[in-house]
2 protein chains.
Amino acid sequence: MTARSKQRRSTSQERQAGLITAAASLFAAKGFNGTTTKEIARAAGVSEALVFKHFPTKRALYGAILAEKVTVNELLEAVEESAKKRDDRRVFTLIASFRIRPGADSTLLRLLLFSALEGHELSAMFFGKHHRVFYDHLATYIETRIVEGAFRKVDPLLAARAFIGMVVHHRLLHEIFGVPMHRSHDETVTTYVDLFLAGLVHEPKAPAQRRRSR
Amino acid sequence: MTARSKQRRSTSQERQAGLITAAASLFAAKGFNGTTTKEIARAAGVSEALVFKHFPTKRALYGAILAEKVTVNELLEAVEESAKKRDDRRVFTLIASFRIRPGADSTLLRLLLFSALEGHELSAMFFGKHHRVFYDHLATYIETRIVEGAFRKVDPLLAARAFIGMVVHHRLLHEIFGVPMHRSHDETVTTYVDLFLAGLVHEPKAPAQRRRSR
DNA sequence: GAGCGGTGAGTAATTACTCACTCACTTATT
DNA sequence: AATAAGTGAGTGAGTAATTACTCACCGCTC
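Residues numbered from 1 in each chain as written. Chains lettered and ligands numbered in written order. Predicted model: local features only at pLDDT ≥ 70, side-chain atom pairs only at ≥ 80, totals over all residues.

(A) The arrangement of the protein's contact with DNA strand D in detail. As a structural note, the neighbourhood of DNA strand D is formed by 18 residues, with A:Thr36, A:Lys58, B:Ser12, B:Ser47 and B:Ala49 the closest of them. Of all elements in the fold, only α2 (37-44) and α3 (48-54) of chain A together with α1 (12-30) and α3 (48-54) of chain B reach the threshold of two or more residues within the surface near DNA strand D. In terms of residue count, the dominant contributor to the surface near DNA strand D is α3(B) (four residues). Residue classes in the surface near DNA strand D are distributed as five nonpolar, six polar and seven charged. (Near = placed C-beta within 6 Å. Helix = DSSP H or I, 4+ residues; strand = E, 2+ residues; numbered from the N terminus. Nonpolar A, V, L, I, M, F, W, Y, C, P; charged D, E, K, R; others polar.)

Here's what the structure looks like:
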């Protein structure tokens, strides 16, 4: 009656959210084909039939996950702000440390890769919201700085991709392939930003020769 | 006798090779769980039963593929040679254009990602043979050049990963995510190498901006 | 008592894998 | 040279288990 098994029925929305959460981590772990609807139901603590009350097909559930996980953009504001101040280092550091940070969970990255590999129709959208925004944004900034003479003349889009590439590859290595990190998160970010900015900032060219000093 | 179709029986080895080829492209396209043994048999032009005469389980067939596709390393010799001459640009260009080149097929990259995501036991080995060699090799070279004073002081392993990261990310973008290339292969490689080497070579630094952020 | 959250017990299709068997070809014996 | 016996490649027709999905039916709460 009262205290014990006071199992209040969830609202439809709560249940959907719960299903999406449960399914997301399963899909991220084992892919679409590797996950069964029975597992999803068990993880969400409901019967299998209920899953289909909320989502007409397994694929629709998958789609709902991809469509929901498009939350980014508190970052882009911070980037925008630093961009206005022309604080190059901070712009790049913000982007890198958003990806490379202690608590980051690999669910989204795994979902992104799975959806692309398995050719899900929402994959492109998912990719667009999670990555394309970043390097489009970054490319625009780089172009601006080139025009201003602060950066060398490079293809801005390639440069942006190169930087994001460093960062994403780093995540791939240790979130997907299990390669251990041998430096702290901060050190890693700093190194990447240093490397990249050094190659980008405009400086009088002294044709590559070893300056043996120290 | 003779008559109709001259269908010679294949040797066991031929058949196995054929099965591996057929299965590899299917697994690369649709993943392990997304591929059925019936499809594999049809692609190889044999009955499903024969597949199991050659490989005890579907997973064993998958393993055989990963174990077989570990052919690289005509490249490493060329790299080694350029490394002896201290031709930095060529070392990096060789590695980059080995990955970014017109005819490159995405089968291996897809297999690599699928095997890592799906957690196959041979995934680590596969990764080791296909990627780890590269950045270990590159890291060693970078370290040498740092000691010689030609490169700035950086963590060699991080630097190597950063470079490979640019390149691999580039492949990811257009082989997995279908992002179009807007530059030629050569231009792309040159840009990446330029960017990276510029950030690495040792030059007298004037600007006061490179300082640890904390 | 109606609507909604929730379920147990299905079902048809697909799955990896097996088995009894045939057929092409090789080798040993006559 | 003829043939019997053996070997291994190859298959059609299964099977038991699992799959995504359905449906008739609860029972709580407005």
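(B) Representation of the relation of the copies chain B and chain A within the structure. Overlay of chain B on chain A (RMSD 0.1 Å): rotation 180°, translation along the axis 0.0 Å. Those values place the two copies in the arrangement expected of a two-fold rotation axis. In terms of proximity to the rotation axis, the leading residue of chain B is B:Gly199, whose C-alpha is 1.8 Å off the axis. When the interface residues of chain B are mapped onto chain A, 83% of them are again interface residues, pointing to one common binding face. (Least-squares fit on C-alpha atoms with pLDDT ≥ 70 in both. Contact = placed C-beta atoms within 7 Å.)

(C) Main features of the environment of A:Ser12. Turning to its location among the elements, A:Ser12 is positioned in helix α1 (residues 12-30). Along the sequence, A:Ser12 and A:Arg145 sit 133 residues apart, while their C-alpha atoms lie 50 Å from each other.

(D) Representation of the environment of A:Glu175 within the structure. Residue and element names in this part refer to chain A. By the secondary structure assignment, Glu175 is in helix α9 (residues 156-176). Owing to 16 C-beta atoms within 10 Å, Glu175 belongs among the partly exposed residues under this scheme. With near-sequence residues (within four places) excluded, Glu175 lies in contact with Ser106 and Leu109. (Buried ≥ 20, exposed ≤ 12 C-beta atoms within 10 Å, placed from the backbone.)

(E) Summary view of the protein's contact with DNA strand C. Looking at DNA strand C, there are 21 residues lining it, with A:Ser12, A:Ser47, A:Ala49, B:Thr36 and B:Lys58 nearest. Where the surface near DNA strand C is concerned, the elements lending two or more residues are α1 and α3 of chain A together with α2 (37-44) and α3 of chain B. Tallying contributions element by element places α3(A) first for the surface near DNA strand C, with four residues. For the surface near DNA strand C, a count of residues per class yields five nonpolar, seven polar and nine charged.

(F) Local environment of the interface of chain B and chain A. The partner chain A presents 46 residues to the 46 residues of chain B that form the contact. Secondary structure elements with two or more residues in the side of chain B that touches chain A: α7 (107-117), α9 (156-176) and α10 (185-200) of chain B. Here the side of chain B that touches chain A takes 13 residues from α9(B), the largest share from any one element. A breakdown of the residues in the side of chain B that touches chain A according to their chemical character gives 24 nonpolar, 14 polar and eight charged.

(G) Region of the structure containing unusual backbone geometry. All names here are of chain A. Although it is not a glycine, Arg86 adopts a positive phi angle of roughly 60°. Within the fold, Arg86 resides in the loop between α5 (74-84) and α6 (88-99). Note on Arg86: 13 C-beta atoms within 10 Å, which makes it partly exposed.

(H) Looking closely at the confidence of the model for chain A. All names here are of chain A. On average, residues of chain A score 87 in pLDDT, and 90% of them are at 70 or above. Note on residues 1-6: pLDDT under 50 across the span, and zero contacts to partners over four residues away in sequence or across chains. The low-confidence segment residues 204-214 (pLDDT under 50) makes ten contacts with residues lying over four places distant or belonging to another chain. (pLDDT = per-residue confidence, 0-100.)

(I) Local environment of the environment of B:Leu111. All names here are of chain B. Locating Leu111 in the fold gives a position in helix α7. For the pair Leu111 and Val72, spaced 39 residues apart in sequence, the C-alpha separation works out to 15 Å. If sequence neighbours within four positions are ignored, Leu111 has contacts with Ala24, Phe27, Ala28 and Lys69.

(J) Geometry of α9(A). Residue and element names in this part refer to chain A. For α9, built from 21 residues, the straight-helix expectation of 30 Å at 1.5 Å per residue is met to within 8% by its first-to-last C-alpha distance of 29 Å. With 16 of its 21 residues buried, α9 lies for the most part within the structure. At the exit of α9 stands Gly178, carrying a positive phi of roughly 70°. (Expected span 1.5 Å × (residues − 1).)

(K) View of the nonpolar core. Within the largest apolar cluster, 65 residues are counted, with the highest numbers of intra-cluster contacts made by A:Phe163 and B:Phe163. Apart from the residues lying within four places of it in its own chain, the contact partners of B:Phe163 are B:Phe92, B:Leu138 and B:Phe196. If you look at the next biggest cluster of nonpolar residues, it comprises 46 residues, including A:Phe127, B:Phe27, B:Leu111 and B:Phe114. (Core = buried A, V, L, I, M, F, W, Y, C linked by C-beta atoms within 7 Å.)

(L) Region of the structure containing α1(B). All names here are of chain B. With 19 residues, α1 ought to run about 27 Å at 1.5 Å a step, and its terminal C-alpha atoms sit 26 Å apart, in line with that. Listing the buried residues of α1 in full gives Leu19, Ile20, Ala23, Ala24, Phe27 and Ala28. Projected onto a plane normal to the axis of α1, the buried residues spread over an arc of 150° and lie on a single side. Buried-residue contacts for α1 involve α2, α3, α4 (58-68) and α7. After α1 finishes, the residue Gly31 shows a positive phi value of roughly 80°. (Arc of directions from axis to C-beta.)

(M) Quick look at the packing of helix α8 (residues 123-147) of chain A against α9(A). All names here are of chain A. Axis separation between α8 and α9 bottoms out at 8 Å; the angle between their running directions is 125°. As far as their axial angle goes, α9 and α8 are oblique. The interaxial crossing formed by α8 with α9 has right-handed handedness. Side by side, α8 and α9 meet where His131, Phe134, Tyr135, Leu138, Ala139, Ile142, Glu143 and Ile146 of the first sit next to Pro156, Leu157, Ala159, Ala160, Arg161, Phe163 and Ile164 of the second. A per-class count over the contact of α8 with α9 returns twelve nonpolar, one polar and two charged. (Axes fitted to C-alpha atoms, helices over the stretch in contact; angles between N-to-C directions. Parallel < 35°, antiparallel > 145°, perpendicular 65-115°, else oblique. Left-handed = near helix turned anticlockwise from the far one by under 90°.)

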